[in-house]
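Here's the letter readout for the chains.
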Amino acid sequence: MNLTTKGIVLRATNYKESDKILSIFSLELGKISATLKGCRKPNAKLKFAGMPFCFAEFELVKKGDFFTVTNVTEIESFFGITTDFDKLWYATSVLECCEFVINQNEPNTKLFLACLKALKGFCFESLDSKILLIKFLTELFACTGYEIETIKCKKCDAVLHHDLFFDFNLSSFVCSLCRDENTVKILPAEYSAFKIINQTEFEKLSSIKLKSDILDTLIHILSTNFTAKFGHNIKSLKILKK
Ligand SMILES: [Zn+2]
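Given the structure is predicted, the values throughout are model-derived calculations rather than measurements.

(A) Quick look at the overall build of the protein. Regarding its fold elements, the protein presents 6 helices and 8 strands. A compact globule built from 242 residues would reach a C-alpha radius of gyration of about 18 Å, and the protein, at 19 Å, matches this within 12%. Taken over the C-alpha atoms alone, the protein extends approximately 60 × 35 × 30 Å along its principal axes. Taking all 242 residues of the protein together, the buried fraction comes to 48%. Taking contacts inside the protein between residues at least 6 apart in sequence as the whole, the part at least 24 apart equals 58%. Carbon and sulfur atoms make up 52% of the accessible area of the protein, which totals about 12100 Å². In the protein, which carries 32 positive and 28 negative side-chain charges, the distance between the mean positions of the two groups comes to 4 Å.

(B) The packing of aromatic side chains, seen in detail. Considering all chains together, one arrives at 10 aromatic pairs under this definition. Measuring from centroid to centroid gives 6.1 Å for phenylalanine 78 and phenylalanine 124, while their planes differ by 55°, and the two rings are tilted. Residue phenylalanine 78 is found in the loop between strand E5 (66-77) and helix H1 (85-101), and its partner phenylalanine 124 is found in helix H2 (residues 109-124); the two are separated by 46 residues along the sequence. Counting every residue linked through ring pairs, the aromatic cluster contains Phe25, Phe55, Phe78, Phe112 and Phe124. Here the guanidinium or amino end of lysine 135 rests over the ring plane of phenylalanine 202, the centre of that ring lying 5.8 Å away.

(C) How the structure looks around the coordination of the zinc ion. Only Cys153 (SG), Cys156 (SG), Cys175 (SG) and Cys178 (SG) from the protein reach the zinc ion as donors, at distances of 2.3 to 2.4 Å. If you list the donors of the zinc ion from N- to C-terminus, the spacing comes out as C-x2-C-x18-C-x2-C. Linking cysteine 153 in the loop between helix H3 (129-143) and strand E6 (164-167) with cysteine 178 in the loop between strand E7 (172-175) and strand E8 (183-186), this pair joins segments that are 25 residues apart in sequence.

(D) Structural detail: the sheet that holds E8. The strand order across the open sheet built from 3 strands is E7-E6-E8, with neighbouring strands paired in antiparallel fashion. If you trace the sheet from one side to the other, it starts and ends with E7 and E8, each paired once. For this sheet, the mean inter-axis angle between neighbouring strands, taken without regard to orientation, is 40°.

(E) Just the domain arrangement of the protein, in detail. As assigned here, the protein comprises domain 1 (2-77) and domain 2 (81-241). Facing 22 residues of domain 1, the contacting portion of domain 2 comprises 24 residues. Contact between domain 1 and domain 2 buries roughly 1800 Å² in total, counting both sides, with carbon and sulfur atoms accounting for 70%. When residues of domain 1 are sorted by the area they lose upon contact with domain 2, Phe25, Lys31 and Phe53 head the list and together hold 39% of the total. Our count for the contact surface shared by domain 1 and domain 2 stands at 2 salt bridges.

Parameters and conventions
- Residues numbered from 1 in each chain as written.
- Predicted model: local features only at pLDDT ≥ 70, side-chain atom pairs only at ≥ 80, totals over all residues.
- Heavy atoms only, no water.
- Helix = DSSP H or I, 4+ residues; strand = E, 2+ residues; numbered from the N terminus.
- Rg over C-alpha atoms; globule rule 2.2 N^0.38 Å.
- Buried < 20%, exposed > 50% of the residue type's maximum accessible area, 1.4 Å probe, protein only.
- Contact = heavy atoms within 4.5 Å.
- Areas by Shrake-Rupley, 256 points an atom, 1.4 Å probe, with all protein chains shown as cover.
- Lys, Arg positive; Asp, Glu negative; His and termini not counted.
- Charge placed at Lys NZ, Arg CZ, Asp CG, Glu CD.
- Phe/Tyr/Trp six-rings, centres within 6.5 Å; stacked < 30°, edge-to-face > 60°.
- Lys NZ or Arg CZ within 6 Å of the ring centre and 35° of its normal.
- Donors = N, O, S within 2.8 Å, 3.2 Å for Na, K, Ca; no water.
- Pairing = 2+ DSSP bridges.
- Axes fitted to C-alpha atoms, helices over the stretch in contact; angles between N-to-C directions.
- Domains from an automatic or database assignment.
- Buried area = accessible area lost by both parts, 1.4 Å probe.
- Salt bridge = Lys/Arg side-chain N within 4 Å of Asp/Glu carboxyl O.

Now the structure itself:
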């Protein structure tokens, strides 16, 4: 069966002498694994497709659950991300998270667009990578059924004020009366920073300026929440901490 799909290469692993196995976030098919034959040969025409961050239209042949890439037409190159160490690993975290939450035959258009907007931001805009990652993770939770509630306590429905906590069971903010062993204290400045990022479109994030230590705390909370919801530690973020 022949198929055509738009997709983003999440990961590429060497296979046999000159092939690669690609993990692709496909707009139409969810996550798929596909063999890209001969792409490690010196003058391979489709070499560019054998790398993470490639956004392209893939022509595929499907046999059972296996895909083979027959042609690739690049739509946009985000390869510029790889020239900046910090951006590279924040952007790699985005790919890692997508790879972990998306399954084959489970397309997620909203998450696909969030991933694309995040990669564009890392590649082409001079904005804070930490803000961009926080925005992406917030969208990821919303796209996977764990939308973070910021107005009311998720447990008792009370309107949230300055004395509040983040609950990793509920993936949301809760009031001080509803705190338990699965919650952490959130400072007012952290809460308002989160709300600002949450309410701002990807395209307008460059207008936001926030303190780095506040952003670090929010990334820590969201990555802990990712582990709590999906059972996976975001490894790419650990490289940034070293
Ligand atoms: Zn409450």
